[in-house]
Amino acid sequence: MSFDYDFLVIGGGSGGVRAARMAATYGARTALVEEYRMGGTCVIRGCVPKKLFVYASRFTDLFEVAPSFGWTVNAEFDWPTLVANKDREIARLESAYAAGVEGKGGTIFRDRAVLTGPNSVRLLKDGRELTAKYILVATGGQAHVPDIPGKELGITSNEAFDLKALPHSILIYGGGYIAVEFATVFAGLGVATTIVYRGDKILRGFEEELREGLEAGLVERGVKFIYETTIRALEKQGDDISVSFSDEVVAPYGAVMFATGRRANTAGLGLEAAGVALNPDGSIPVDKMSRTNVDSVYAVGDVTGRAQLTPLAIREGWYVAETLFNDNPQWVDLSLVGTAVFAEPEVAAIGLTEAEAATHGDIDVYVTRFRPMINTLSSKTTRTMMKLVTAANGGKVLGLHILGPDAAELVQMAAIAMGMAATKADFDRAIAMHPTAAEELVTFKSPSWTWRDGKKV
Ligand SMILES: Cc1cc2nc3c(=O)[nH]c(=O)nc-3n(C[C@H](O)[C@H](O)[C@H](O)COP(=O)(O)OP(=O)(O)OC[C@H]3O[C@@H](n4cnc5c(N)ncnc54)[C@H](O)[C@@H]3O)c2cc1C
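Residues numbered from 1 in each chain as written. Predicted model: local features only at pLDDT ≥ 70, side-chain atom pairs only at ≥ 80, totals over all residues. Heavy atoms only, no water.

J.: Would you mind going over the site of the ligand in detail, with residue names and values included?
T.: In the vicinity of the ligand, 38 residues are found, and the nearest of them are G15, E34, T41, K50 and D302. The contact in question runs from an oxygen atom of the ligand to an N or O atom on the side chain of T41, over 2.5 Å. Interatomic distance of 2.8 Å between a side-chain N/O atom of K50 and an oxygen atom of the ligand. Notes on the ligand: free accessible area 1,000 Å², of which the protein chains cover 95%. Listed by contribution, the elements that provide at least two residues to the shell around the ligand are α1 (14–25), β2 (30–34), α2 (40–45), α3 (47–65), α6 (177–188) and α9 (310–325). Ranked by the residues each element gives to the shell around the ligand, the list is headed by α2, at four residues. (Near = heavy atom within 4 Å. Polar contact = N/O pair within 3.5 Å; in protein donor to acceptor, adjacent residues only side chain to side chain. Areas by Shrake-Rupley, 256 points an atom, 1.4 Å probe, with all protein chains shown as cover. Helix = DSSP H or I, 4+ residues; strand = E, 2+ residues; numbered from the N terminus.)

Rendered as structure tokens:
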């Protein structure tokens, strides 16, 4: 049977673009369909604009310590300038993503694609039906907004990137990484910021010390926390939004942002027509090769419900192309994936938490807390925390958890050593670079505490 294309990718985000570019590089006749903007969530309304906004908000921290280094600063912030410059950078990246596919011979259709069978897709605007030997679903996810009265008055991270003006106050609903990153941004830019969360502490799944340290850092930044509470309803009140909470309190805010999770983009995608099975949460189950239950249909990235991280989507997309078009079957090892939270202070972690490691055998735990050197001349109290979890008696490094400046950069480099199964002794062999924060990781003398036979000693 002949097909229009060897490979048809739905979604021009992190996973789809990498898959299409690599497939085209290997000579596959490749098409990619994108309904919005090339680059997807990460480039257009995720990682990239988020990090730019975090940078903008961190000037506040520098201004705060500047007088202790002898500086007098009279700084003013202009939101429209930030948004316009962010837009320019994103437009540049968007073009680069399109060029990356087209430059290798791939074809991009600016349209919405719907599957009509295991080897066919309809372009909704154009009306054309395209056939392909293999179809890759890389449609990502979207913000989930709880179904409460007045929900349309709130915003999600999508709209937060393009507000016409900063609100005087904002209520952020959620306790995950998007909630705390945007709290960092808004509070740093002078917006009175409150996080309301149904749980009892932010960043579920991270080490307790990181959760507590980040909360303390955000409190120092002026963020208020309301825990074990949900939002019942939103109502317009003049220029503000009146929020009714589950504890009967009603209070006005300049804006309300939902950071209440993300769901796979599978609705109306025609997956049933192709016979592709779905998980109960709407994501697409795949095997380790990213293949769905239908042989000709693959799926990568956020739509699969695996970890929602750009580098994973990219690697999964690349390996699908590698497997199908370069005779080089590859799958992604998900056992050692680092993750970062670009809040202030920054959080990053890789490997096992202490609690997880303690269930695998005897372990040693090394912990240090100190004031980052940049804060030592000022009254800023935020502290850095590092926790190294190793197999007992100088064994394999199992987990690394950092809160503090450049945490993500440090964990990224340690990930290389951990991927090579580095031991505590390997870390110790490295000569410290002084004065740095990272030198703490190679100068731990004796464990802060240990776990033996499942008990903390
Ligand atoms: C606010 C925010 C901050 C984030 N920060 C980070 C971070 O710091 N680090 C990190 O690693 N990850 C971060 N992420 C997650 C990251 O953006 C995603 O993991 C990544 O974008 C997933 O890539 P993807 O290819 O699966 O999907 P996406 O990048 O979402 O791309 C999917 C594309 O498919 C298109 N599409 C959907 N349906 C169709 C259709 N039927 N037809 C045609 N096109 C369609 C969409 O328009 C979209 O462009 C962040 C996400 C958000 C929301």
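J.: Lay out the packing of α1 against helix α4 (residues 79–102) in plain terms, naming residues and giving numbers.
T.: Relative to each other, α1 and α4 sit at 30°, their axes nearing to 8 Å. Overall, the two elements α1 and α4 adopt an arrangement that is roughly parallel. Taken together, the residues of α4 that come into contact with α1 (itself represented by V17, A20 and R21) are Y97, G100 and V101. Residues of the contact of α1 with α4, tallied by class, amount to four nonpolar, one polar and one charged. (Axes fitted to C-alpha atoms, helices over the stretch in contact; angles between N-to-C directions. Parallel < 35°, antiparallel > 145°, perpendicular 65-115°, else oblique. Contact = heavy atoms within 4.5 Å. Nonpolar A, V, L, I, M, F, W, Y, C, P; charged D, E, K, R; others polar.)

J.: With reference to specific residues and values, describe the nonpolar core.
T.: Ranked by size, the top nonpolar core spans 70 residues in total, and within it I172, V180, F186, L214, M257 and L400 carry the most contacts. Filtering out sequence-adjacent residues up to four positions away, I172 remains in contact with A179, F182, A183, F186, T193, T194, I195, V196, M257 and A259. Formed by 24 residues, the second largest nonpolar core is a distinct cluster that contains A31, A113, L130 and I135. (Core = buried A, V, L, I, M, F, W, Y, C linked by side-chain atoms within 4.5 Å. Buried < 20%, exposed > 50% of the residue type's maximum accessible area, 1.4 Å probe, protein only.)

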